[in-house]
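# Structural overview
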Amino acid sequence: MQRMAIRSLNYDTSTKIALKFESRWWEDPAIMGDRTIKGGVSSTDLPIRTCVYPSYGFKATGKVPGVMLASYTWAQDAQRLGGLAQGKGTKADELLIDLTLNNLSKLHGIPVEKFG
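Quick notes on the rules
- Residues numbered from 1 in each chain as written.
- Predicted model: local features only at pLDDT ≥ 70, side-chain atom pairs only at ≥ 80, totals over all residues.
- Heavy atoms only, no water.
- Helix = DSSP H or I, 4+ residues; strand = E, 2+ residues; numbered from the N terminus.
- Rg over C-alpha atoms; globule rule 2.2 N^0.38 Å.
- Buried < 20%, exposed > 50% of the residue type's maximum accessible area, 1.4 Å probe, protein only.
- Contact = heavy atoms within 4.5 Å.
- Areas by Shrake-Rupley, 256 points an atom, 1.4 Å probe, with all protein chains shown as cover.
- Lys, Arg positive; Asp, Glu negative; His and termini not counted.
- Charge placed at Lys NZ, Arg CZ, Asp CG, Glu CD.
- Patch = residues over 30% accessible without salt bridge, like charges linked within 9 Å, V, L, I, M, F, W, Y side chains within 5 Å.
- Salt bridge = Lys/Arg side-chain N within 4 Å of Asp/Glu carboxyl O.
- Expected span 1.5 Å × (residues − 1).
- Phe/Tyr/Trp six-rings, centres within 6.5 Å; stacked < 30°, edge-to-face > 60°.

### Comments concerning the overall build of the chain
Within the chain, the secondary structure is distributed over four helices and four strands. Traced from its N-terminal end to its C-terminal end, the chain shows the element sequence α-β-α-β-β-β-α-α. The C-alpha atoms of the chain give a radius of gyration of 17 Å, which is well past the 13 Å a tight globule of 116 residues would have. Projected onto its principal axes, the C-alpha positions of the chain cover 55 × 35 × 25 Å. Residue burial in the chain is summarised as follows: out of 116 residues, 34% are buried. The contacts of the chain with a sequence gap of at least 6 include a subset with a gap of at least 24, amounting to 63%. Working note: accessible area of the chain is about 7,600 Å², and carbon and sulfur atoms make up 54% of it. If you average the places of the 15 positive and of the 11 negative side-chain charges in the chain, the two averages end up 7 Å apart.

### Considering the environment of glutamate 22
Its location among the elements puts glutamate 22 in the loop between strand 1 (14-21) and helix 2 (29-32). As a C-alpha pair, glutamate 22 and valine 64 span 42 residues in sequence and 6.8 Å in three-dimensional space. Setting aside anything within four residues of it in sequence, one finds glutamate 22 in contact with Lys63, Val64, Pro65 and Gly116.

### Quick notes on a nonpolar patch on the surface
On the surface, Ile6, Leu9 and Tyr11 cluster together into a nonpolar patch covering about 390 Å² of accessible area. Note that tyrosine 11 resides in the loop between helix 1 (2-7) and strand 1.

### Overview of the environment of glycine 82
With respect to the helices, strands and loops of the structure, glycine 82 is situated in helix 3 (residues 75-82). Judged by relative accessible area, glycine 82 falls into the partly exposed class, the value being 29%. With 68 residues separating them in the primary sequence, glycine 82 and serine 14 have C-alpha atoms 8.3 Å apart.

### Details of helix 4 (residues 91-108)
For helix 4, which comprises 18 residues, the first-to-last C-alpha distance of 26 Å matches the rise-based estimate of 26 Å (1.5 Å per residue) to within 8%. Listed as buried for helix 4 are Ala92, Asp93, Leu96, Thr100, Leu101, Asn103, Leu104, Ser105 and His108. Summarising the contacts, the buried residues of helix 4 are in contact with strand 1, helix 2, strand 3 (50-53), strand 4 (66-74) and helix 3. Where helix 4 ends, the next residue or the one after it, glycine 109, has phi of about 70 degrees, a positive value.

### Some points on the packing of aromatic side chains
Under the criterion given, the structure shown has six aromatic pairs. With centroids separated by 5.8 Å and ring planes inclined at 70 degrees, the aromatic side chains of phenylalanine 21 and phenylalanine 115 adopt a geometry described as edge-to-face. On the criterion of sequence distance, the pair formed by phenylalanine 21 in strand 1 and phenylalanine 115 in the segment after helix 4 is long-range, its members being 94 residues apart. Each member of the pair phenylalanine 21 and phenylalanine 115 is classed as buried. Summarising the aromatic geometry, the rings of tyrosine 72 and tryptophan 74 are spaced 4.5 Å apart at their centres and angled 40 degrees between planes, so their arrangement reads as tilted.

Rendered as structure tokens:
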């Protein structure tokens, strides 16, 4: 029974896109207003699907850089985004970053220029 259970497991693809920003804009009231985010997850029907915010470094002062998991996808969604990941500096990589930033902009209702 155990062998049959192991053989029946399904594996699927996943894709994670992490982005480093000059500041943690999602925690900044000047950018987000009263909708600041301190850790957690956002889900959307946009191609990035799931966005994960760091749950550490809240007491940092000044302009502190931040890394967020801008997209976490599985299965067919992961294959679509993963197809754009063809290496640093490629045109496809540029398209992937632009798509991710535009999706973050739509998700949070702020222009890309405010991400910093």
